[in-house]
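# A look at the structure
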Amino acid sequence: MRNRYLDLLRAAAIVRVIVYHHFGWAWLSIVFPAMGVMFALAGSLTAASLTRRPAGSVVTSRLRRLLPPLWLLGVLAVPAMIGLGWAQEEDGAHPFTPWKLVFWVLPLGDPPGSELGIDVWEPLWYIRAYVWFILLSPLMWFVYKKMGGAGWLLALAPIAAIAFLDKTGLGLPEDADAVMWDLVTYGACWIVGFTHRDGRLARLSSGAVLGIVAVLGAAALYWQSGHQGEDAWDLNDVSESQSLWSLAFVLLVLRWQPDMTWLSRIRPLDRFVTLVNARAVTIYLWHNLAIVALWPVLTYVALDDVGRLEGPVSLAAAFLLTGVAVLLFGWAEDLAARRRPRLWPTSDGPVPAAEPAEPAGPVPAGWPEVARDGTPVNPVAVTHGPAAEKARGHAAEEAHRHAGEVVPGFMDTADMPVAGRPPGQHRPSRHPDTPEPIRFSNGHDDRT
């Protein structure tokens, strides 16, 4: 059984990313911090897997589902960048270094590329960060479980690490420094995913959650007001603000599980949410190139000068071209998950499995706890005890058997100078959610 609320959050995050990278509206980083949401969902899904299977199996399974779409991009992009003169570049961010091409195979560092191909490799910081979170998750999950009731303190560790880095000015070699800052920026969100999965977040009172959210949000905005980047209220320019605000946001959106029965009644939206979740990685890897390509395409069809309709027309074109990429390259996600390839998976077929819906409340008085086969008669109502554990395990195994696993994450790509883009068009950046290289309040810059 899929958790359609989490599916909807993922789809909203992807749409938000495309809109942000097309228009560059800084306020979107406040309204919906997509990267924090995606890392939190990934943490929850990874914890779900770690409760059912050995850590080694979880890590290899996640990487197997994530990497083939990246390899497909690399097979097409790397030869093209080399053929277009990457080796002759003298002042690019990634001078051609053959051994670093290994990061296109296993992105422990940022997969490199030419300046001309910046739209290809800029988004890949997220893939690299996600790989590191997956590799570290067995250890983090072990420590989190061993801490018991104090597990919440683990979510504060990344925030404390940021304070330490600001205070000491500690830096690492370039590639390692980028990894370190992404881990401390989004680590708290990942661990909140753990609390969502084991029910600890749901057990917090509404008042406590709202109070924590208010404090974190106020702290984030206060810090941002005194450490503003080029775009004053773009949280992506300031790691401290991004971390605090994202943590507050994910606590808010994951604490409550709204009723999602309405979604199935709106068939176009329901199918769109299904498609986006089934092709999350493909959309993430290719949507920035779609944004680059849209202006030549609009010029070719004489829609590049439509006055006040330029915004809606160009955004629609970006979605359309992203859809073309899904048709051309989305099958790689099916093969990675060992599913039958489909061109346009909008129906309830073998798409990646999301986590089972969280239980909603205690068992009503007199309600039988389990059926003859040992599964709860009312699995939504059972929240505690052996029956609850059996229910969650049964639902998760059913979802896994019929559908595979989701590759959580995907969001937020990049922006940079692009030939053919009209003046004023937002420039994709090194960081998927950042119009310019991130510069932290202590002067640290992990993107240049």
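Look up a bit, the structure's there.
Calculation rules
- Residues numbered from 1 in each chain as written.
- Predicted model: local features only at pLDDT ≥ 70, side-chain atom pairs only at ≥ 80, totals over all residues.
- Heavy atoms only, no water.
- Helix = DSSP H or I, 4+ residues; strand = E, 2+ residues; numbered from the N terminus.
- Buried < 20%, exposed > 50% of the residue type's maximum accessible area, 1.4 Å probe, protein only.
- Contact = heavy atoms within 4.5 Å.
- Axes fitted to C-alpha atoms, helices over the stretch in contact; angles between N-to-C directions.
- Parallel < 35°, antiparallel > 145°, perpendicular 65-115°, else oblique.
- Left-handed = near helix turned anticlockwise from the far one by under 90°.
- Polar contact = N/O pair within 3.5 Å; in protein donor to acceptor, adjacent residues only side chain to side chain.
- Core = buried A, V, L, I, M, F, W, Y, C linked by side-chain atoms within 4.5 Å.

### Focus: the overall build of the protein chain
Assigned secondary structure in the protein chain consists of 16 helices and zero strands. Within the protein chain, buried positions represent 55% of all 448 residues. Of the contacts made within the protein chain by residues no fewer than 6 positions apart, 71% connect residues no fewer than 24 positions apart.

### Quick look at the packing of helix H8 (residues 174-197) against helix H11 (residues 239-255)
Between H8 and H11, the shortest axis-to-axis distance is 9 Å and the interhelical angle comes to 10°. Considered as vectors, H8 and H11 are oriented roughly parallel to each other. Crossing of H8 against H11: the hand is right-handed. Here H8 contributes Trp181, Val184, Thr185, Tyr186, Ala188, Cys189, Val192 and His196 to the contact with H11, which in turn contributes Ser239, Gln242, Ser243, Ser246, Leu247, Val250, Leu251 and Leu254.

### Some words on the side chain of serine 314
Checked against the element boundaries, serine 314 lands in helix H14 (residues 310-329). A distance of 2.7 Å separates polar atoms of two side chains, one belonging to serine 314 and the other to histidine 22. There is a polar contact of 2.8 Å between the side chain of serine 314 and the backbone oxygen of glutamate 310. The residues contacting serine 314, other than those within four sequence positions of it, are His22, Leu294, Trp295 and Leu298.

### What about the nonpolar core?
In this structure, Phe39, Trp104, Trp190 and Leu254 are the most contacted members of the largest nonpolar core, which totals 79 residues. If sequence neighbours within four positions are ignored, tryptophan 190 has contacts with Phe39, Ala40, Ala42, Gly43, Thr46, Tyr130, Phe133, Ile134, Ser137 and Met140. Of all hydrophobic cores here, the second largest spans nine residues; its members include Ala11, Ile14, Val273 and Val276.

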